[in-house]
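Listed below are the residues making up each chain.
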Amino acid sequence: MLKGSELGESIKAAFSKGQRLDPSVSVAVLREVLQVPPEHLLAHDRLGAAVLGELGTRQHELTWHGIGGPELRRIQGFKAFARAEDLSGAGLVELVPQLPALLAARRELRAAVQAQPDLAFLIDAPDLHLPLAKRARKARVPVVMLGVPQFWAWRPDRVRTVCRDVRLALCLFRFEVAPIRARGAAAHWVGHPLADEIPQPVEPPSTTSDLRVAFLPGSRPSQVGRALRLALPEL
């Protein structure tokens, strides 16, 4: 797992020798959260803030424009045109009332890329950010993506899109690195934000010959509620 200082070096190494980030025009296009619960958003918000914070210690007066959660908005030089937590939701019922704000945020992101900043920093949200990365590539704006699409789970073709449009991929899982590097793109494993949130057991669990099964009904409260009502009688 890369530390903050190594992340800074990885991002610097992805660009041509001698190139410098202009503090007046850098852009951070930060996690837009279609169908993502707020608690998931906040984990990525903290990870993104750690990266931008480290960059700020290496080059002062950087300016970032984008969508950010509470941690990112605390970063010096970060100017948010939308709050990420205001754009979060799960399902049509929650998202439809937010549609005007979501569309406005997307327009702002596209305009930021067309202004040709020195860097587009994207966090997860592939349905929004992969098309934006394509726009950035055509505008000759280098892209760093933190949290690549889970191409190993579904839609494996997205790995080609990442390798074509993203200058540097910062992967949450170690096994994501090799397929990206195999296609000639730069990738580094940075670890998953939950690794620092979940306490590790001090002592290993006692061994037993009894079969044990973990039932994981989902990650969102609405999913858990629906799944438990159906599954508990059968368990």
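Structural data are supplied above this passage.
Residues numbered from 1 in each chain as written. Predicted model: local features only at pLDDT ≥ 70, side-chain atom pairs only at ≥ 80, totals over all residues. Heavy atoms only, no water.

Student: Looking at this structure, I do not really get helix 7 (residues 158–165). What am I missing?
Tutor: The periodicity of an α-helix, 3.6 residues per turn, causes residues three or four places apart in sequence to face the same way. Among the residues making up helix 7, those that are buried are Arg158, Val159, Val162, Cys163 and Asp165. On its buried face, helix 7 sits against helix 6 (126–138), strand 5 (143–146), strand 6 (168–171) and helix 8 (177–182). (Buried < 20%, exposed > 50% of the residue type's maximum accessible area, 1.4 Å probe, protein only. Helix = DSSP H or I, 4+ residues; strand = E, 2+ residues; numbered from the N terminus. Contact = heavy atoms within 4.5 Å.)

Student: Teacher, can you tell me more about the packing of aromatic side chains here?
Tutor: Two aromatic rings are characterised by how far apart their centres lie and by the angle between their planes. Per the counting criterion, the structure on display carries three aromatic pairs. Both rings, one in Trp152 and one in Phe173, keep their centres 5.9 Å apart while their planes meet at 85°; by these two values the pair is edge-to-face. Note that Trp152 is positioned in the loop between strand 5 and helix 7 and Phe173 in the loop between strand 6 and helix 8, a separation of 21 residues in sequence. With relative accessibility at 27%, the residue Phe173 sits in the partly exposed group. Here the aromatic rings of Trp152 and Phe175 are separated by 5.2 Å at their centres, their planes lie at 85°, and the arrangement is edge-to-face. You can see Trp152 sitting in the loop between strand 5 and helix 7 and its partner Phe175 sitting in the loop between strand 6 and helix 8, a full 23 residues away along the chain. Given a relative accessible area of 47%, Phe175 falls into the partly exposed group. The ring of Trp154 has Arg155 sitting right over it, with the charged end atom 5.3 Å from the ring centre. The lysine or arginine in question, Arg158, covers the ring of Trp154, its NZ or CZ lying 5.0 Å from the ring centre. (Phe/Tyr/Trp six-rings, centres within 6.5 Å; stacked < 30°, edge-to-face > 60°. Lys NZ or Arg CZ within 6 Å of the ring centre and 35° of its normal.)

Student: What is the right way to read the nonpolar core from this model?
Tutor: As a rule of thumb, soluble globular proteins bury nonpolar side chains together. By size, the foremost hydrophobic cluster in this structure holds 31 residues, and its most contacted members are Ala169 and Ile180. For this core, the elements supplying multiple residues, two or more each, are helix 5 (99–114), strand 4 (120–123), helix 6, strand 5, helix 7, strand 6 and helix 8. Broken down by element, this core gets its largest block of residues, five residues, from helix 6. If near-sequence neighbours (up to four positions away) are discounted, Ala169 is found in contact with Met145, Val148, Val162, Ile180, Ala186, Ala187 and His188. Core analysis: the second largest hydrophobic core is formed by 19 residues, Leu47, Ile75, Phe121 and Leu170 among them. (Core = buried A, V, L, I, M, F, W, Y, C linked by side-chain atoms within 4.5 Å.)

Student: Help me understand a positive patch on the surface, please; the structure alone is not making it clear to me.
Tutor: On the surface, Arg106, Arg107, Arg110, Lys134, Arg135 and Lys138 cluster together to form a positively charged patch. Residue assignment for the positive patch shows that the elements contributing at least two residues are helix 5 and helix 6. Here Arg135 shows up in helix 6. For Arg135, a relative accessible area of 34% translates into the label partly exposed. (Patch = residues over 30% accessible without salt bridge, like charges linked within 9 Å, V, L, I, M, F, W, Y side chains within 5 Å. Areas by Shrake-Rupley, 256 points an atom, 1.4 Å probe, with all protein chains shown as cover. Salt bridge = Lys/Arg side-chain N within 4 Å of Asp/Glu carboxyl O. Lys, Arg positive; Asp, Glu negative; His and termini not counted. Charge placed at Lys NZ, Arg CZ, Asp CG, Glu CD.)

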